[in-house]
Amino acid sequence: MSDQRRPAVLQLPAPDVHGTKRSISCEVEGMQGKRLILTTSEQIGISTPVSIEYEDTLLLGEVVVCRAANETWKTEIRVEQILTGLQSLMALRAHLLSETLAAPLPLMPLGMRN
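These notes cover the structure that comes with them. What you see is a predicted model, and the numbers here were worked out from it, not measured in a lab. (Residues numbered from 1 in each chain as written. Predicted model: local features only at pLDDT ≥ 70, side-chain atom pairs only at ≥ 80, totals over all residues. Heavy atoms only, no water.)

Topic: the overall build of the chain
Rules: Put simply, DSSP H or I for four residues or longer makes a helix, DSSP E for two residues or longer makes a strand, and each gets a number counted from the N terminus. Between buried and exposed lies partly exposed: a residue is buried under 20% and exposed over 50% of the maximum accessible area for its type, with that area taken using a 1.4 Å probe on protein chains only. Any pair of residues with heavy atoms lying within 4.5 Å of one another is described as a contacting pair. A 1.4 Å probe and the Shrake-Rupley method give the accessible areas. Residues count as covered only by the protein chains that appear here.
Per the secondary structure count, the chain includes 1 helix and 6 strands. For the chain, the N- to C-terminal ordering of α and β elements is β-β-β-β-β-β-α. Across the 114 residues that make up the chain, the buried fraction comes to 31%. Contacts spanning at least 24 positions in sequence make up 40% of the contacts within the chain whose residues lie at least 6 apart. Carbon and sulfur atoms make up 53% of the accessible area of the chain, which amounts to about 8,100 Å² in all.

Observations regarding the pattern of salt bridges
What counts is decided by this rule: By definition here, a salt bridge exists when the distance from a side-chain nitrogen of Lys or Arg to a carboxyl oxygen of Asp or Glu is within 4 Å.
Applying the stated rule across the entire model yields 7 salt bridges. In this structure, Glu62 engages Arg78 in a salt bridge whose closest nitrogen and oxygen atoms are separated by 3.3 Å. Of this pair, Glu62 sits in strand E5 (residues 57–69) while Arg78 sits in strand E6 (residues 72–84), placing them 16 residues apart in sequence. Given a relative accessible area of 35%, Arg78 falls into the partly exposed group. Its salt-bridge partner being Glu76, residue Arg67 comes within 3.9 Å of it at the nearest N-O pair. Using a relative accessible area of 42% as the deciding quantity, one classes Arg67 as partly exposed. On the basis of relative accessibility, which here comes to 10%, the residue Glu76 falls in the buried class.

A closer look at the sheet that holds strand E2 (residues 21–32)
Worth spelling out the cut-off: When DSSP locates at least two bridges between a pair of strands, those strands are taken to pair. Helix axes are fitted to C-alpha atoms over the stretch in contact, other axes to C-alpha atoms as well, and angles between N-to-C directions run from 0 to 180 degrees.
One closed barrel accounts for 6 strands, arranged E1-E2-E3-E6-E5-E4; its pairing is antiparallel. Looking at each pair of strands side by side, their axes are set apart by 45° on average, direction ignored. Where strand E4 (residues 49–54) and E5 come together, 6 bridges link them in antiparallel fashion. The residue of E5 that forms the bridge with Tyr54 is Thr57.

Observations concerning the nonpolar core
Looking at soluble globular proteins, one finds that nonpolar side chains tend to be buried together. To keep it simple, the criterion reads: Nonpolar core, defined: a set of buried Ala, Val, Leu, Ile, Met, Phe, Trp, Tyr and Cys residues in which side-chain atoms within 4.5 Å join the residues together.
Counting residues in hydrophobic clusters, the biggest one holds 17 residues, and the most contacted among them are Leu10, Leu36, Leu38, Val50, Ile52 and Ile77. Among the elements of the structure, strand E1 (6–13), E2, strand E3 (35–40), E4, E5 and E6 are those that each provide at least two residues to this core. The contacts of Leu10, once residues within four sequence positions are left out, are Arg22, Ser23, Ile24, Cys26, Leu38, Ile44, Val50, Ser51, Ile52 and Ile77.

Interpretation note: all reported values are geometric properties and have no functional meaning in isolation.
Here it is in structure tokens:
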């Protein structure tokens, strides 16, 4: 993960009881150990579970620091899990939705017609 600020999307539970999520645009400042440092446009409560979509990565964790910084908020997320690439995202989706992943196609010897 580079040290340049890059746009990302932070998702957190919405205040309603239907289990919906809301998205907040943010910028990734970088990583310090297992902490992801973000700049967000609004305050997020400590211990709020969040997911961050950044490039081809989904980071899961919880807010450990959120303090005012001029007109934005400096937010630190303790990262619990990092999922990269399509296969990891599909596995998480399957787990969360109680689906099963499609079985891989069987391999056929070269030259065999299908």
